[in-house]
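Notes for the structure review
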Amino acid sequence: MLHTVSAFDRMGEENAFAVLARATALAQAGRDIINLGIGQPDFRTPGHIVEAAIKALRDGHHGYTPATGLLACREAVARRTLAMTGVEVSPESIMIMPGGKPTMYATIIMFGEPGAEILYPDPGFPIYRSMIEFTGATPVPVPVREENGFAFSAEETLSLITPRTRLLILNSPANPTGGVTPRDEIAKLVKGLERFPDVAILSDEIYDVMTYDGEKATSLLAFPEIRDRLVVLNGWSKTWAMTGWRMGWSIWPDGLYDKVRKLAVNCWSCVNAPSQYAGIAAIDGPQDAVETMLDAFDRRRRIVVEGLNRLPGVSCATPKGAFYAFPNVGKTGRPAKKLASTLLEKAGVALIGGPDFGVLGEGYLRLSYANSEENILRAIDRIGKFLET
Ligand code: PLP
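Residues numbered from 1 in each chain as written. Predicted model: local features only at pLDDT ≥ 70, side-chain atom pairs only at ≥ 80, totals over all residues. Heavy atoms only, no water.

It is worth spelling out the overall build of the protein chain at this point. Looking only at helices and strands, the protein chain has 13 helices and 12 strands in total. Along the first, second and third principal axes, the C-alpha set of the protein chain runs to 60 × 55 × 55 Å. Across the 389 residues in the protein chain, those meeting the buried criterion constitute 58%. Of the contacts formed within the protein chain by residues at least 6 apart in sequence, a portion of 75% connects residues at least 24 apart. (Helix = DSSP H or I, 4+ residues; strand = E, 2+ residues; numbered from the N terminus. Buried < 20%, exposed > 50% of the residue type's maximum accessible area, 1.4 Å probe, protein only. Contact = heavy atoms within 4.5 Å.)

Our focus in this paragraph is the site of the ligand. Around the ligand lies a shell of 14 residues, among which Asp204, Tyr207, Ser237, Lys238 and Arg246 are the nearest. Ser237 places a polar side-chain atom, nitrogen or oxygen, 2.6 Å from an oxygen atom of the ligand. For the ligand, whose accessible area on its own is 390 Å², the fraction buried by protein is 94%. Spatially, the ligand is embedded in the largest pocket. Class assignment of the residues belonging to the shell around the ligand gives a composition of five nonpolar, five polar and four charged. (Near = heavy atom within 4 Å. Polar contact = N/O pair within 3.5 Å; in protein donor to acceptor, adjacent residues only side chain to side chain. Areas by Shrake-Rupley, 256 points an atom, 1.4 Å probe, with all protein chains shown as cover. 1 Å grid on protein atoms, 1.4 Å probe; cavity = no way out; pocket = protein on both sides within 12 Å on 5 of 7 lines; lining within 4 Å. Sits in = over half its atoms within 2 Å of the grid points. Nonpolar A, V, L, I, M, F, W, Y, C, P; charged D, E, K, R; others polar.)

Time to look at the pairing of strand 4 (residues 138-143). Pairing analysis gives six bridges linking strand 3 (residues 117-122) to strand 4, with the strands arranged parallel. Considered in strand 4, the bridge of Asp122 is made with Pro143. Assessed by its sense of winding, the connection that carries the chain from strand 3 through helix 6 (residues 126-135) to strand 4 is right-handed. (Pairing = 2+ DSSP bridges. Right-handed = clockwise from strand over helix to strand, strands pointing away.)

If you check the domain split of the protein chain, you get domain 1 (6-44 + 288-388) and domain 2 (63-284). Computed from C-alpha coordinates alone, the two centres of domain 1 and domain 2 are separated by 25 Å. At the junction of the two partners, domain 1 supplies 41 residues and domain 2 supplies 37 residues. Both sides together, the interface formed by domain 1 and domain 2 hides about 3000 Å², and carbon and sulfur atoms give 60% of it. Our enumeration of links across domain 1 and domain 2 arrives at three salt bridges. Ionic pairing is found between Asp213 and Arg301, a salt bridge with its closest N-O pair at 2.8 Å. (Domains from an automatic or database assignment. Buried area = accessible area lost by both parts, 1.4 Å probe. Salt bridge = Lys/Arg side-chain N within 4 Å of Asp/Glu carboxyl O.)

Once that is clear, we can look at the layout of surface pockets. The space that makes up the largest pocket amounts to roughly 410 Å³. Residue lining of the largest pocket: 24 residues in total, with Glu14, Gly39, Lys101, Phe125 and Lys238 positioned closest to the centre. Residue assignment for the lining of the largest pocket shows that the elements contributing at least two residues are helix 2 (15-28) and helix 5 (101-111). Of the residues forming the lining of the largest pocket, the biggest block, three residues, is contributed by helix 2. Considering only residue class, the lining of the largest pocket consists of 11 nonpolar, seven polar and six charged. When its volume is computed, the second largest pocket comes out at roughly 290 Å³. In this structure, the second largest pocket is lined by 14 residues; those nearest its centre are Met84, Asp208, Lys216, Ala217 and Thr218. Class assignment of the residues belonging to the lining of the second largest pocket gives a composition of four nonpolar, five polar and five charged. (Points joined across faces, edges and corners; volume = space filled by probe spheres on them.)

Pairing in this open sheet of seven strands is mixed, and the strands run 2-8-7-6-5-3-4 from one edge to the other. The open sheet terminates on both sides in strands that have one partner only, identified here as strand 2 (94-97) and strand 4. Along the sheet, successive strands turn relative to each other by an average axial angle of 20°, direction set aside. Taken together, the three bridges between strand 3 and strand 5 (residues 165-171) define a ladder with parallel strand orientation. Paired with Glu117 across the strands is Thr165, a residue of strand 5. Across the sheet, helix 9 (residues 254-267) is in contact with strand 2 and strand 7 (230-235); its angle to strand 2 comes to roughly 25°. (Axes fitted to C-alpha atoms, helices over the stretch in contact; angles between N-to-C directions.)

Bringing the sheet that holds strand 11 (residues 352-353) into the picture now. Taken in spatial order, the three strands line up as 9-12-11 in an open sheet, and their pairing is antiparallel. At either end of the open sheet lies a strand with only one pairing partner, and these are strand 9 (324-325) and strand 11. In this sheet, strand 12 (residues 365-368) lies alongside strand 9 in antiparallel orientation, the contact comprising two bridges. In the sheet register, Ala325 faces strand 12, and the bridge partner there is Leu367.

Take empty space enclosed by the protein next. Tallied over the entire structure, the rule returns four cavities of 30 Å³ or more. Volume-wise, the largest cavity comes out at about 110 Å³. Forming the boundary of the largest cavity are 16 residues, of which Pro121, Val144, Phe152, Leu170 and Asn171 lie nearest the centre. The leading source of residues in the lining of the largest cavity is strand 5, at four residues.

Let us now look at the pattern of salt bridges. Counted under the stated rule, the structure contains 23 salt bridges. In this structure, the salt-bridge partner of Arg22 is Glu345, at a minimum N-O distance of 2.8 Å. Of the two residues, Arg22 sits in helix 2 while Glu345 sits in helix 12 (residues 336-347), which places them 323 residues apart along the sequence. Judged by its relative accessible area of 38%, Arg22 is partly exposed. In this structure, Asp356 and Lys337 form a salt bridge, with 2.5 Å as the shortest nitrogen-oxygen distance. Of this pair, Asp356 sits in the loop between strand 11 and strand 12 while Lys337 is found in helix 12, placing the two residues 19 residues apart along the sequence. For Lys337, a relative accessible area of 40% puts it in the partly exposed group. Through salt bridges with shared partners, a single network forms among Asp213, Asp298, Arg301 and Arg302.

Listed below in structure tokens is the structure:
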């Protein structure tokens, strides 16, 4: 009998991967499956980014890089951060990470242990809660409510802080709701956090370019008063359609940077060099492919919302960010997870049940609109026919 540590039994999963596996298996068995389940752009990585990686390998960049990432890559991130937020960050505070998730992991294991409390959004990206449980800390859900435009409320968030709170996780624009928290609300939260100087903040800003209807994402970097306890998570996965490259970055306060650097040395050494060259090309090169993708997402967003609102028992708020719709299906009278799995098996539409993102996700589905307009329309048609039976 092998004795593994119990932390692994507490670890959760991201059901989107299980749905993808099931959808792929059904498709391989000959079923016509429309996949609105997975959170990755359906566009290819722009050609000049791919070429930069190939050139890097041809030029002999095959070896280790510094654990923190190539200086040129960190400088590119600093330039991009300044352009997006107006805030100067030193390359010496930037870590190049193997994707967005490792920053989540690093931050949560830095603060989580039995007795500690960590606040995280619910509904929210499922890995936050999973990793909090892994550390033995107590996960404290911060409700993200439809009636509040799926923004988090400063007042409600602050009311959940106790002397045991170590870390607060924020995400805007948000997965799975598409919610964007207004700047005023974030400013109110930051003001309130002055009363709790021992609480660190992890701001997941991976969807920062993906906003619509003139909405703008607010980076927590805009508030210098919390810089000494703020970790910002970002990366290439969504913006440049690079999910499989495993390229992310994070910005760290002085006191934590050396800890994450050491974690990198112990766990993954560095991110592979050609991907970092690709990352530089992504930031410094033309952004027209990003614009094209965002225009497509915007068009599809309207189609999804309009289509869903025509279905019986379904109402869908217009998401302001990311590439997800989070329709309320409470009035269909069907539990959301069961509805999601039945839609896949019976109607051939892969999507995710809201409860996979937290208890407050009950009564909702998440549809990723990273699929063609034609497929989105077909999927909505199928869902409608299913709901009418
Ligand atoms: N943060 C959020 C809110 C996400 O939705 C995702 C991916 O779906 C990630 C982080 C992880 O990104 P990556 O694939 O780069 O690890």
